[in-house]
Amino acid sequence: MPQSTLSPIQFQQLLLDWQKQQGRHDLPWQVNPTPYRVLVSEIMLQQTQVTTVIPYFLRWMERFPHIESLAVAAEDEVMSHWQGLGYYSRARNLKKAAQYILNECAGEFPTTLSELIKIPGVGRYTAGAIASFAYDSYGPIVDGNVKRLFCRFFGIEGIPGTSKVDKALWQKAELYTPNQNNRQFAQGLLDMGATICRPKTPKCDVCHFQPHCLAYTEQRVLQLPTPKPKKTIPLKTGHFLWLQQDGKLLLEKRNESGIWGALWCLPQLNSEPLQIQERTTKQSVLEKGQFKHTFTHYKLEAKVWTLDAVDSTPNPQQWFTAEQLTELGLPTPIKKFILKHL
DNA sequence: GACCCGTGGGC
DNA sequence: TGCCCAAGGGT
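Residues numbered from 1 in each chain as written. Chains lettered and ligands numbered in written order. Predicted model: local features only at pLDDT ≥ 70, side-chain atom pairs only at ≥ 80, totals over all residues. Heavy atoms only, no water.

Participant: Explain the UniProt feature "domain: HhH-GPD" (unreviewed entry) in chain A residue by residue, including any values.
Facilitator: Residues annotated in UniProt with the feature "domain: HhH-GPD" (unreviewed entry) correspond here to residues 44–195. Between the C-alpha atoms that bound residues 44–195 the distance is 20 Å, and the span itself is 64% helix and 0% strand. (UniProt positions renumbered as here; feature names shortened; annotations may be inferred. Helix = DSSP H or I, 4+ residues; strand = E, 2+ residues; numbered from the N terminus.)

Participant: Could you give an account of the protein's contact with DNA strand C, naming the residues involved and the relevant values?
Facilitator: Taken together, 25 residues lie near DNA strand C, and Gln 47, Thr 126, Asp 143, Asn 145 and Arg 148 sit nearest. The protein-proximal atoms of DNA strand C, defined as those within 4 Å of the protein, are 69% sugar or phosphate. Here a phosphate oxygen of DNA strand C and a backbone polar atom of Gly 123 are 2.9 Å apart. Tyr 125 is positioned such that a nitrogen or oxygen atom in its side chain is 3.4 Å from a base nitrogen of DNA strand C. Of all the secondary-structure elements, those providing two or more residues to the surface near DNA strand C are α8 (124–135), α9 (144–153) and α11 (182–195). (Near = heavy atom within 4 Å. Polar contact = N/O pair within 3.5 Å; in protein donor to acceptor, adjacent residues only side chain to side chain.)

Participant: Quick one: what's the story with the environment of Trp 170, residue by residue and with numbers?
Facilitator: In this structure, Trp 170 sits in helix α10 (residues 163–176). A C-alpha to C-alpha distance of 7.7 Å links Trp 170 and Ile 141, two positions 29 residues apart in sequence. Sequence-distant contacts of Trp 170, defined by excluding residues within four places in its chain, comprise Arg 124, Tyr 125, Pro 140, Ile 141 and Val 142. (Contact = heavy atoms within 4.5 Å.)

Participant: Explain the pattern of salt bridges to me, and be specific about the residues and the numbers.
Facilitator: This model, assessed by the stated rule, comprises 12 salt bridges. Asp 191 is paired through a salt bridge with Arg 24; the nearest N and O atoms lie 2.7 Å apart. Of this pair, Asp 191 sits in helix α11 while Arg 24 sits in the loop between α1 (8–22) and α2 (35–44), and the two are 167 residues apart along the sequence. For Arg 24, a relative accessible area of 26% gives the class partly exposed. Note that Glu 256 is salt-bridged to Arg 92, the shortest N-O span being 3.9 Å. Of this pair, Glu 256 sits in the loop between β3 (248–253) and β4 (264–265) while Arg 92 sits in helix α6 (residues 89–104), and the two are 164 residues apart along the sequence. (Salt bridge = Lys/Arg side-chain N within 4 Å of Asp/Glu carboxyl O. Buried < 20%, exposed > 50% of the residue type's maximum accessible area, 1.4 Å probe, protein only.)

Participant: Pulling in residues and values, what's your account of the packing of α2 against helix α3 (residues 50–63)?
Facilitator: α3 packs onto α2 with a crossing angle of 140 degrees between their chain directions and a minimal axis gap of 10 Å. Along this stretch, α2 crosses α3, giving a crossing that reads as right-handed. Contacts between α2 and α3 pair Tyr 36, Arg 37, Val 40, Ser 41 and Met 44 from the former with Val 53, Tyr 56, Phe 57, Trp 60 and Met 61 from the latter. Across the contact of α2 with α3, the residue classes tally to eight nonpolar, one polar and one charged. (Axes fitted to C-alpha atoms, helices over the stretch in contact; angles between N-to-C directions. Left-handed = near helix turned anticlockwise from the far one by under 90°. Nonpolar A, V, L, I, M, F, W, Y, C, P; charged D, E, K, R; others polar.)

Participant: Which residues make up the sheet that holds strand β8 (residues 286–294), and what values do they have?
Facilitator: Spatially, the four strands line up as an open sheet ordered β5-β1-β9-β8, and their pairing is mixed. With partners counted over all chains shown, the strands left at the sheet margins are β5 (268–269) and β8, one partner each. Of the strand pairs in this sheet, strand β1 (residues 235–242) and β5 are connected by two bridges, and their pairing is antiparallel. Within β5, the residue paired with His 239 across the bridge is Leu 269. Along the sheet, helix α14 (residues 332–341) contacts β1, β8 and β9 (299–306); its crossing angle with β8, the most-contacted strand, is approximately 145 degrees. (Pairing = 2+ DSSP bridges.)

Written out as structure tokens, the structure reads:
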């Protein structure tokens, strides 16, 4: 019955009015929104909350204030500034993006959606966000906030992330995104989703869209968006090495592929270490400690072992003092373990 | 389409 | 505690 009677223009006006009064205007990346600052913030904000990103963004912009400084930076220093944010391919891609813009785009930051999406690490959402926030131009965005808001407002059923539902969501985004005031419009969508149309406790009582929201008028707000079926994550066991020498700790730089890619880490073993037999001495393997860590897609239970001999591995290894450790990008649970045991 | 890729906050 | 969720993208 009462399908939303709000035209795109009416929708835009309501959202812009709300954004002007109730939206966020003082986030660090909203100040001086250059393409580079918007790019950095949007990559950091992928799957990451605003309050988590803010200190990382400020530190990043201080160390890498422009594309050139990032493009020529050493990977280890880039990774150390991302340490703790997670999804480390974002950091590697951000450096690739800087090099791409300098080398392939003659230093001219791309401006169109079709060009923006070619930047490493930039997908459909981030391209739309850069168009909106950096250039104040047409750039549809569909992120977690918009998915939730649109699924409720338009009464879209089905699981977001499936091709059918996402197609419908992007279609709505393209239709309802204006050709002016794009910066405020996009910010309004995100802020509405973050502060009003929240997952668990939406503030429908103060929502300007309330009379036009299909989910609200049909009392289905908490049923939309359709929840994903939860799957059980597997348990994996890991083994790591703790080797100290002259007050230094041995670390290993991990491969770019896989978990904790390109971070420095305690050397990881393929299996539980066996007792090492040598001609003259028996070297005992001692358990230094344990830790557990839950990722998105599996749970890790790890044991850390000490021994005297250095295992040969294909990755670069290096001894670090406690002071040097602070300048490296280390996986968060590894960093915690080291600080506890060093 | 399925999987991979981190971490911290909120309840 | 355990679960959901967060300004997604790459393979």
